Amino acid sequence: MLGSLSEADDALQEAWLRVDRADTGEVENLGGWLTTVVARVCLNMLRARGNRREDPLDGFDGRGSDPVPERGSVHAAGAGADPEQEALMADSVGLALLVVLDTLAPAERLAFVLHDMFAVPFDQIAPMIEKTPAATRQLASRARRRVKGGSPLPAADLTRQRRVVDAFLAATRGGDFDALVTLLHPDVVLRADRWVVPSPEPIVVSGARTVAEGAMAAMQRARSTGPALVNGAVGLAMAPLGRLFLVLRFTMADDLITAIEVIAEPDRLRDLDLGVLDEDEWTNSGGR
């Protein structure tokens, strides 16, 4: 729901305090009642996060060479967060899913997560967000479309792109320089906007070995990077602690990467259409 283990801990502590002060003797469905309490706490936290989205982070101006990920986020890196555990959580939930969920309005996020991921009926979710069941269903449907994204490409083309992008990520994470070079066209060109590194102008580098060397330099960051649907094609999203920091878009020919565009400028990131590649990353047996 929150995309952060430390924020989830805060939500549970707040919910426990509310439960401790309440008279639960007359509660017939304690599980449902607790779900409602926790959901409302999470909803308030999501709304507060949105209101403070533009607050700067201490010690980070958005241009450092080793930036913390949550530009404008209320959940500052190091503020009670365990990077190792947060990374494991992102892997288990799906990094692309966390990124897309972060673009949803709080009520959309709550409706989608509770219904599509935990099979909570709409008539139970509706009172939590003060909507009718029909309106809640519409919110979840709208969120579902955002999560799934869309692509004009045939499934076979997406599968081929995914295979190359997965290999690129695996080689980068594993530090396998030779394997990375084999994925790149000899004349590959990489373009990175000025937010990626502290540079007054965008950076352009070319050549398979030069581009591969740059990728190797970012090996540690590749750990918080995962595949995502980016404007209808397979790309990579870097999102430490589940907060989108940059995106890699690829151009391919004959299963070789001919161009890479690295996007970190906030306005450009907001304009991207991001989606989850594998539907089974977020649906459950409850279905829709």
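Residues numbered from 1 in each chain as written. Predicted model: local features only at pLDDT ≥ 70, side-chain atom pairs only at ≥ 80, totals over all residues. Heavy atoms only, no water.

By the naming in an unreviewed UniProt entry, the chain goes by Sigma factor and is assigned to Streptacidiphilus alkalitolerans. In its Sequence similarities (unreviewed entry) section, UniProt records this for the chain: "Belongs to the sigma-70 factor family. ECF subfamily." What the UniProt record of the chain gives under Subunit (unreviewed entry) is the line "Interacts transiently with the RNA polymerase catalytic core formed by RpoA, RpoB, RpoC and RpoZ (2 alpha, 1 beta, 1 beta' and 1 omega subunit) to form the RNA polymerase holoenzyme that can initiate transcription." (UniProt positions renumbered as here; feature names shortened; annotations may be inferred.)

Participant: Describe helix α8 (residues 155-174), with residues and values.
Facilitator: With 20 residues, α8 ought to run about 28 Å at 1.5 Å a step, and its terminal C-alpha atoms sit 28 Å apart, in line with that. Taken as a whole, α8 has its buried residues at L158, Q161, R162, V164, V165, F168, L169, A171 and T172. Downstream of α8 by a residue or two, G175 has a phi angle that is positive, lying close to 70 degrees. (Helix = DSSP H or I, 4+ residues; strand = E, 2+ residues; numbered from the N terminus. Expected span 1.5 Å × (residues − 1). Buried < 20%, exposed > 50% of the residue type's maximum accessible area, 1.4 Å probe, protein only.)

Participant: With reference to specific residues and values, describe the pairing of strand β1 (residues 184-192).
Facilitator: Pairing of β1 with strand β6 (residues 256-263), which is carried by five bridges, proceeds in the parallel orientation. Bridging across to β6, V189 finds its partner in A259. As defined by bridge partners, β1 adjoins strand β2 (residues 203-206) across four bridges and the pair is classed as antiparallel. When the bridges of β2 are listed, L190 appears paired with V205. (Pairing = 2+ DSSP bridges.)

Participant: Can you break down the sheet that holds strand β4 (residues 233-238) residue by residue, with the values?
Facilitator: If you trace the seven strands from one edge of the open sheet to the other, you get β2-β1-β6-β5-β4-β3-β7, paired in mixed fashion. Strand pairing shows two members of the sheet lacking a second neighbour, β2 and β7 (274-275), which therefore form its edges. Relative to strand β5 (residues 246-253), β4 is paired through three bridges, and the arrangement is antiparallel. Bridging across to β5, L236 finds its partner in L248. Contacting β1, β3 (225-230), β4, β5 and β6, α8 runs over the sheet at an angle of about 30 degrees to β4. (Contact = heavy atoms within 4.5 Å. Axes fitted to C-alpha atoms, helices over the stretch in contact; angles between N-to-C directions.)

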